[in-house]
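What the coordinates show
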Amino acid sequence: KINTLELERYFYNGGGQSAQISSFRPNAVEDADFIAKPYFDKAKFDFGFYNSFDFQGKFDFGRLSYKNNELQNALMNLSLKDGVLNMNQLTGTYKGEPVTASWEWGMSKNPYLKGNLEVKNQVLSEGVLSGKKYGIRSGKIDLKTSFDTSASSFEDMFLGLNSTTEFVINSPIVKGWDMAA
């Protein structure tokens, strides 16, 4: 069992550039009517190291994190072969609720990422899906998605994203919509 794994230490080569991977521009959230357009880092990932060896294993992490997001009690099957990283049967809890996922990350000449994710009962707080006029102040979301995208940078991941997503927001409280009761 591994106590903690901080993913940002292994998958981002900042190359002296800004540590800002993706974010909302200053005041963008306050100025947008609904959801602000985020900035995504254009720096290319350096996958050379991951193309130099193969491995396979079943892993148990007490805390798997990326920046300020933590998956608790994460279990997964992970393998790296010929520059393709496969994560199968990831289970864990995010903010106390269940998460399951699997993905394949090709890290050779034309990097790609594809997979699926399911979250249940995740709390939505104001600012996550809102702007100055419209949005969700609170609620809980159940979400199931499958996706594929290019993966040479964070910008490529988001601009090239193809996804099929189903979701339900339970007990939503919205702002900016004047609906009669």
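All values derive from a computational prediction rather than experimental measurement.

To continue, consider the overall build of the protein chain. When its secondary structure is counted, the protein chain shows 3 helices and 10 strands. Put simply, the protein chain runs from its N terminus to its C terminus through helices and strands in the order β-α-β-α-β-β-β-β-β-β-β-α-β. When burial is assessed residue by residue, the protein chain has 33% of its 181 residues classed as buried. Across the protein chain, every contact between residues at least 6 apart in sequence was considered, and the portion connecting residues at least 24 apart equals 49%.

All right, on to the side chain of serine 102 then. By the element assignment, serine 102 lies in strand E7 (residues 97-106). For serine 102, the contacting residues outside a window of four places in its chain are Met87, Asn88, Gln89, Lys114, Gly115 and Asn116.

Bringing the sheet that holds strand E4 (residues 55-66) into the picture now. Pairing within the open sheet is mixed, and its 8 strands lie in the order E1-E4-E5-E6-E7-E8-E9-E10. Of all strands in the sheet, those bounded by a partner on one side alone are strand E1 (2-6) and strand E10 (162-175). When strand polarity is set aside, the average angle formed by the axes of neighbouring strands in this sheet is 20 degrees. Alignment of strand E9 (residues 135-150) against E10, held across 12 bridges, turns out to be antiparallel.

Below, the discussion takes up the pattern of salt bridges. Counted according to the given criterion, the structure contains 6 salt bridges. A salt bridge links lysine 44 to aspartate 156, with the nearest nitrogen and oxygen atoms 3.1 Å apart. Within this pair, whereas lysine 44 is found in the loop between strand E3 (38-40) and E4, its partner aspartate 156 is found in helix H3 (residues 154-159), the two being separated by 112 residues in sequence. Classification of lysine 44 as exposed rests on a relative accessible area of 51%. One salt bridge connects glutamate 70 with arginine 63, and the closest N-O pair in it is separated by 2.8 Å.

So, on to unusual backbone geometry. Both trends apply: most residues other than glycine have a negative phi, and most peptide bonds are in trans. Positive phi outside glycine occurs at aspartate 82, with the angle close to 50 degrees. Position of aspartate 82 among the secondary structure elements: in the loop between strand E5 (69-81) and strand E6 (84-94). Its identity as a non-glycine residue notwithstanding, asparagine 121 has a phi of 60 degrees, on the positive side. In this fold, asparagine 121 is placed in strand E8 (residues 112-125).

Tallied over the full model, the rule gives 10 aromatic pairs. Ring geometry for phenylalanine 55 versus phenylalanine 59: centroids 6.3 Å apart, planes at 90 degrees, classification edge-to-face. Here phenylalanine 55 falls in the partly exposed class, since its relative accessible area comes to 30%. Between the aromatic rings of tryptophan 103 and tryptophan 105, the centroid separation amounts to 6.0 Å while the plane-to-plane angle is 80 degrees, which identifies the pairing as edge-to-face. Among the residues examined, tryptophan 103 registers a relative accessible area of 22% and is labelled partly exposed. On the basis of relative accessible area, tryptophan 105 is assigned to the buried category, the value being 9%. Put simply, the rings of Phe49, Tyr50, Phe53, Phe55, Phe59 and Phe61 touch in pairs and so form one group of aromatic residues.

In this section: the confidence of the model for the protein chain. In the predicted model, the protein chain carries a mean pLDDT of 82, and 80% of its residues have values of at least 70. Note on residues 15-26: pLDDT under 50 across the span, and 25 contacts to partners over four residues away in sequence or across chains.

This brings us to the environment of glycine 131. Topologically, glycine 131 is positioned in the loop between E8 and E9. Separated by 45 residues in the primary sequence, glycine 131 and glycine 176 place their C-alpha atoms 9.6 Å from one another.

Parameters and conventions
Residues numbered from 1 in each chain as written. Predicted model: local features only at pLDDT ≥ 70, side-chain atom pairs only at ≥ 80, totals over all residues. Heavy atoms only, no water. Helix = DSSP H or I, 4+ residues; strand = E, 2+ residues; numbered from the N terminus. Buried < 20%, exposed > 50% of the residue type's maximum accessible area, 1.4 Å probe, protein only. Contact = heavy atoms within 4.5 Å. Pairing = 2+ DSSP bridges. Axes fitted to C-alpha atoms, helices over the stretch in contact; angles between N-to-C directions. Salt bridge = Lys/Arg side-chain N within 4 Å of Asp/Glu carboxyl O. Phe/Tyr/Trp six-rings, centres within 6.5 Å; stacked < 30°, edge-to-face > 60°. pLDDT = per-residue confidence, 0-100.

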